[in-house]
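A structural walkthrough
Listed below, chain by chain, are the residues.
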Amino acid sequence: MWLCGLALLLGLSVEWGVEASWGKRSGTYWLDDAAGPTREFDGVGAVSGGGATSRLLVNYPEPYRSQILDYLFKPNFGAALQILKVEIGGDAQSTDGTEPSHMHYENDENYFRGYEWWLMKEAKKRNPDIKLIGLPWAFPGWIGKGENWPYKYPDVTAYYIVSWIAGAKKFHSLDIDYVGIWNERSFDSKYIKVLRDTMDRMGIKNVGIIAADGEWEIANAMLVNPYLNDAVEIVGAHYPGTTTVLTALQTHKKLWSSEDYSTFNNELGAGCWARILNQNFVNGNMTATIAWNLVASYYEELPFGRSGLMTAQEPWSGHYTVSPPIWITAHTTQFTLPGWQYLQVDGHLEGGGSFVALTDGQGNLTIIIETLTHGHSKCIRPPLFPFIVTPQKATFHLKGSFSKLQALQMWYSKMEFSSSNSTLFQSLGPIKVCEGVLTLSLGLDEIYTLTTLTTGHKGSFEDPPPSQPFPSKYQDDFNIRNPPFSEAPNFADQTGVFEYFVNTSDPGEHTYTLRQVVTQRPVTWVADAENTISVLGNYKWVNLTITSDIYIESEKGGAFIAGRVDKAGIYIGGAKGVFFWVLPDGTYRVTDDLNGNNILMKGLSGVRAKAWHTLTLILTGSNASGMLNGYPLWENVTVNSPENGWAAIGTRSFEFTQFDNFQVKAS
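Residues numbered from 1 in each chain as written. Predicted model: local features only at pLDDT ≥ 70, side-chain atom pairs only at ≥ 80, totals over all residues. Heavy atoms only, no water.

Here we look at the overall build of the protein chain
Helix and strand counts for the protein chain come out as 11 helices and 35 strands. With respect to the three principal axes, the spread of C-alpha positions in the protein chain is 95 × 55 × 40 Å. Here the protein chain holds 667 residues, and the buried ones make up 62% of them. Excluding contacts between residues fewer than 6 apart, the proportion of contacts in the protein chain whose partners are at least 24 apart in sequence is 72%. Within the structure as shown, the protein chain displays about 24800 Å² of accessible surface, and the carbon and sulfur contribution to it stands at 51%. (Helix = DSSP H or I, 4+ residues; strand = E, 2+ residues; numbered from the N terminus. Buried < 20%, exposed > 50% of the residue type's maximum accessible area, 1.4 Å probe, protein only. Contact = heavy atoms within 4.5 Å. Areas by Shrake-Rupley, 256 points an atom, 1.4 Å probe, with all protein chains shown as cover.)

So, in structure tokens, the structure goes:
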């Protein structure tokens, strides 16, 4: 301690930092636990769903899939997430695809559909203390009984949600901690109270309700409705811009940013994430922040491509990218735990930027500092008002139980925007604290963690395989007796749900098929297409041949295969491409739109329901042709746009339809 003593004797401060601070602005900040804590820290998390954002993750080969999961959930390794929020699948489009419901129909229950069950279990394997949240974006059609509204029959909707919670426990030994109402849509006070009463009546009293996963306006209703106020445990808002409203504070409930971020995961996205992780509390008293989305495991050309904390969108190659937001997350999650307390500090740095300080109440202290500049920390939403950050000197005075600390571990990140040389989550070792005083020289676009904890670790594996495009030759006969997941690899459902199916009525070639199973238009979150569709492949495909066997089960049905499909996700209703349709009345048509309105050619095919047929679509330059059962049916149709896009299969309406022996060859 001779250096500290000498500095104090001379009236100087011992200064730590990456850059010298002569002439910089300076500020002094006091950290004292004697005054008592403020709010309890609830954690940092991410969303899988809203929708189908983890779709490709499940198809990764080992060891790469486990490595990705370790970077996301393993404590003291990567992001070390403390909260996982998943979509309660509703059979409808919810941003980048559809996720299957556990109850397609009123008399149907299946708690093994989709991949969210699996993901929650994998998260729990790595961190048994991780908090689990379920939230619906959409609902199967029977919930609305013909109306696009889930609240008309609140008992029915509550039963549906409680069944999901109970199924998680019964079939997967998963304890759900919180459940939401309806993502970014209207809330209904009566339904919230019915849901709370239903959970209590069924012995699920430990599951809290988060509401309303949109704006803050539910707080107004809670202040005048004591029954609603009692039912809601956490007031959650989406993309709050780091601020809250007075009425939310007046509820005296915990406030969360229950969805945030959704920004491209480069350095700019990391800057956005670093800023809001601190400032959601500093400006808005929000004690948890949840990123949309967990991992970008969906085709990049879908809406909000690469807006996950990391990227894993190539199961066919095994390639993935540990993106900068992973390490920004680690600055908080590796040095705090839910249940720690925020100290009473203003949190604004004199030269711009922010800091938070947290303690476990047992002598441990963690300080997280960010100096992200305006242009390097913009999130995709909401708009960011101008502010200025300058290089500065920050002096922290540690008081109370922290006054005797002699050193803190320092972890450092520096975002670089003119090169690819960012420093991410680097350990700078212990730094001395001189008689309770610590001074830092802070530059621009930096993140520091100062902590008493010595368990921080920047985990790593050998580099994954190099990136590769989707295979130009791909086939799937769906012949799998006990599939690990309900959906076939690499198909990304965009309207409807396509599941593995055992066709007991056909003991021959088509025993195992892929079946579209949604038979009623769901209670939608966005404007789903009128036709069901699942896309696959390389968006850059131009010349390709697509073949699939199809089996139309209903006289009201119809099936198609398609190429060069140019839109999906929330824009699926406007998708263009080349669509080859066959209908059970014995006709065919070729259209350049999913809606089937712009007919390029039509005629007789002889196709009937309840019989297998083979469709082939051939696209070469501006020429399209089609075959039925191996024989030419139509040819020389001119198609000039779109110039490229995915392959797809689908149906004319919400009817059972089967597909088998799918093949695509692209050049």
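With respect to the nonpolar core
Generally speaking, nonpolar side chains in soluble globular proteins are found buried as a group. Counting 179 residues, the largest nonpolar core has Phe73, Leu84, Leu195 and Phe662 as the members making the most contacts within it. Once residues within four sequence positions are removed from consideration, Leu84 is found in contact with Ala46, Ser48, Phe73, Leu119, Met120, Ala123, Ile130, Lys131, Leu132, Ile133 and Leu294. Within the second largest apolar cluster, 24 residues are counted, among which are Leu398, Leu408, Ile431 and Leu450. (Core = buried A, V, L, I, M, F, W, Y, C linked by side-chain atoms within 4.5 Å.)

A word on the packing of aromatic side chains
Considering all chains together, one arrives at 45 aromatic pairs under this definition. Where Phe560 meets Phe579, the ring centres are 5.4 Å apart and the plane angle is 75°; that geometry is what we call edge-to-face. Within this pair, whereas Phe560 is found in strand S27 (residues 559–565), its partner Phe579 is found in strand S28 (residues 576–582), the two being separated by 19 residues in sequence. Directly above the ring of Tyr239 sits Arg381, whose terminal nitrogen or CZ lies 3.8 Å from the centroid. One cation-aromatic arrangement involves Lys458 over Trp327; the distance from NZ or CZ to the ring centre is 5.2 Å. (Phe/Tyr/Trp six-rings, centres within 6.5 Å; stacked < 30°, edge-to-face > 60°. Lys NZ or Arg CZ within 6 Å of the ring centre and 35° of its normal.)

With respect to the side chain of Ser323
Position of Ser323 relative to the elements: it lies in the loop between strand S12 (319–321) and helix H11 (324–333). At 3.3 Å, the side chain of Ser323 forms a polar contact with the side chain of Asn265. Sequence-distant contacts of Ser323, that is, excluding residues within four places in its chain, are made with Asn265, Leu309, Met310 and Thr311. (Polar contact = N/O pair within 3.5 Å; in protein donor to acceptor, adjacent residues only side chain to side chain.)

Quick notes on the sheet that holds strand S20 (residues 446–451)
On the basis of which strands lie adjacent, the open sheet formed by six strands has the order S13-S14-S15-S20-S17-S18 and antiparallel pairing. In the strand order of this sheet, the two ends are held by strand S13 (341–342) and strand S18 (423–432), each with one partner. By the bridge criterion, seven bridges tie strand S17 (residues 407–414) to S18 in an arrangement that is antiparallel. Each bridged residue has a counterpart across the sheet, and for Met410 the counterpart in S18 is Gly429. Contacts from helix H10 (residues 267–282) reach S13, strand S14 (354–359), strand S15 (365–370) and S20, with the element oriented near 70° to S14. Along the sheet, H11 makes contact with S15, S17, S18 and S20, crossing S18 at roughly 25°. (Pairing = 2+ DSSP bridges. Axes fitted to C-alpha atoms, helices over the stretch in contact; angles between N-to-C directions.)

Focus: the pairing of strand S26 (residues 544–552)
Counting buried positions over the nine residues of S26 gives eight, a clear majority of the element. Relative to strand S35 (residues 657–666), S26 is paired through eight bridges, and the arrangement is antiparallel. Within S35, the position partnered with Asp549 by the bridge is Asp660.

Looking at the confidence of the model for the protein chain
Low pLDDT marks regions whose predicted coordinates should not be analysed in detail. Here the protein chain averages 96 in pLDDT, while 97% of its residues score no lower than 70. Low pLDDT (under 50) marks residues 5–14, which in the prediction has eight contacts with non-local residues, meaning those over four places away or in another chain. (pLDDT = per-residue confidence, 0-100.)

Points about the packing of H10 against H11
Contact geometry of H10 with H11 gives a least axis separation of 8 Å together with a crossing angle of 20°. Taken together, the axes of H10 and H11 are roughly parallel relative to one another. For the pair H10 and H11, the crossing hand works out as right-handed. Packed against H10, whose contacting residues are Glu267, Gly269, Ala270, Trp273, Ala274 and Leu277, the element H11 presents Pro324, Pro325, Ile328, Thr329 and Thr332 at the interface. A per-class count over the contact of H10 with H11 returns seven nonpolar, three polar and one charged. (Parallel < 35°, antiparallel > 145°, perpendicular 65-115°, else oblique. Left-handed = near helix turned anticlockwise from the far one by under 90°. Nonpolar A, V, L, I, M, F, W, Y, C, P; charged D, E, K, R; others polar.)

Observations concerning the state of the cysteines
Summed over all chains, the structure comprises one disulfide. The residue that forms a disulfide with Cys272 is Cys379, at a sulfur-sulfur distance of 2.0 Å. Disulfide Cys272 to Cys379: torsion about the S-S bond roughly 100°, handedness right-handed. Note that Cys272 is positioned in helix H10 and Cys379 in the loop between S15 and strand S16 (392–399), a separation of 107 residues in sequence. Here Cys272 falls in the buried class, since its relative accessible area comes to 0%. (Disulfide = S-S within 2.5 Å.)

Describing the sheet that holds S27
In any sheet, the strands associate via hydrogen bonds between backbone groups, in a parallel or an antiparallel arrangement. Spatially, the seven strands line up as an open sheet ordered S22-S25-S34-S27-S28-S29-S30, and their pairing is antiparallel. In this open sheet, the two edge strands, each paired with only one partner strand, are strand S22 (492–495) and strand S30 (599–604). Geometrically, the sheet is characterised by an average inter-axis angle of 20° between neighbouring strands, direction not taken into account. As defined by bridge partners, strand S29 (residues 587–593) adjoins S30 across five bridges and the pair is classed as antiparallel. Within the sheet, the bridge partner assigned to Tyr588 lies in S30 and is Gly603.

Some points on the packing of helix H3 (residues 116–126) against helix H5 (residues 154–172)
Following both chains from N to C, one finds H3 and H5 inclined at 60°, their axes separated by 12 Å at the closest point. By the angle class used here, H3 and H5 are oblique. The two elements H3 and H5 cross, and the hand of that crossing is right-handed. Taken together, the residues of H5 that come into contact with H3 (itself represented by Trp117, Met120 and Lys121) are Trp164, Gly167, Ala168 and His172.

Concerning the environment of Asn183
By secondary structure assignment, the location of Asn183 is in the loop between strand S6 (178–179) and helix H6 (189–201). Not counting chain neighbours up to four residues away, the residues in contact with Asn183 comprise Leu135, Pro136, Trp137, Asp213, His238, Glu259 and Trp525.

Describing the pairing of strand S33 (residues 631–638)
Bridge analysis of strand S32 (residues 623–628) against S33 gives five bridges, and the strand direction is antiparallel. Bridge pairing in S33 places Asn623 opposite Thr638. Between S32 and S33, which pair antiparallel in sequence order, lie two residues; one of them, Asn629, sits at a positive phi of approximately 55°.

Considerations on the pattern of salt bridges
Applying the stated criterion across every chain yields a total of 15 salt bridges. In this structure, Lys254 and Asp42 form a salt bridge, with 2.7 Å as the shortest nitrogen-oxygen distance. Residue Lys254 is located in strand S9 (residues 254–261), and its partner Asp42 is located in the loop between strand S2 (25–32) and strand S3 (43–48); the two are separated by 212 residues in the primary sequence. A relative accessible area of 30% places Lys254 in the partly exposed class. Ionic pairing is found between Asp175 and Lys169, a salt bridge with its closest N-O pair at 3.0 Å. Residues joined in a network through salt bridges with shared partners are Asp70, Glu122, Lys125 and Arg126. (Salt bridge = Lys/Arg side-chain N within 4 Å of Asp/Glu carboxyl O.)

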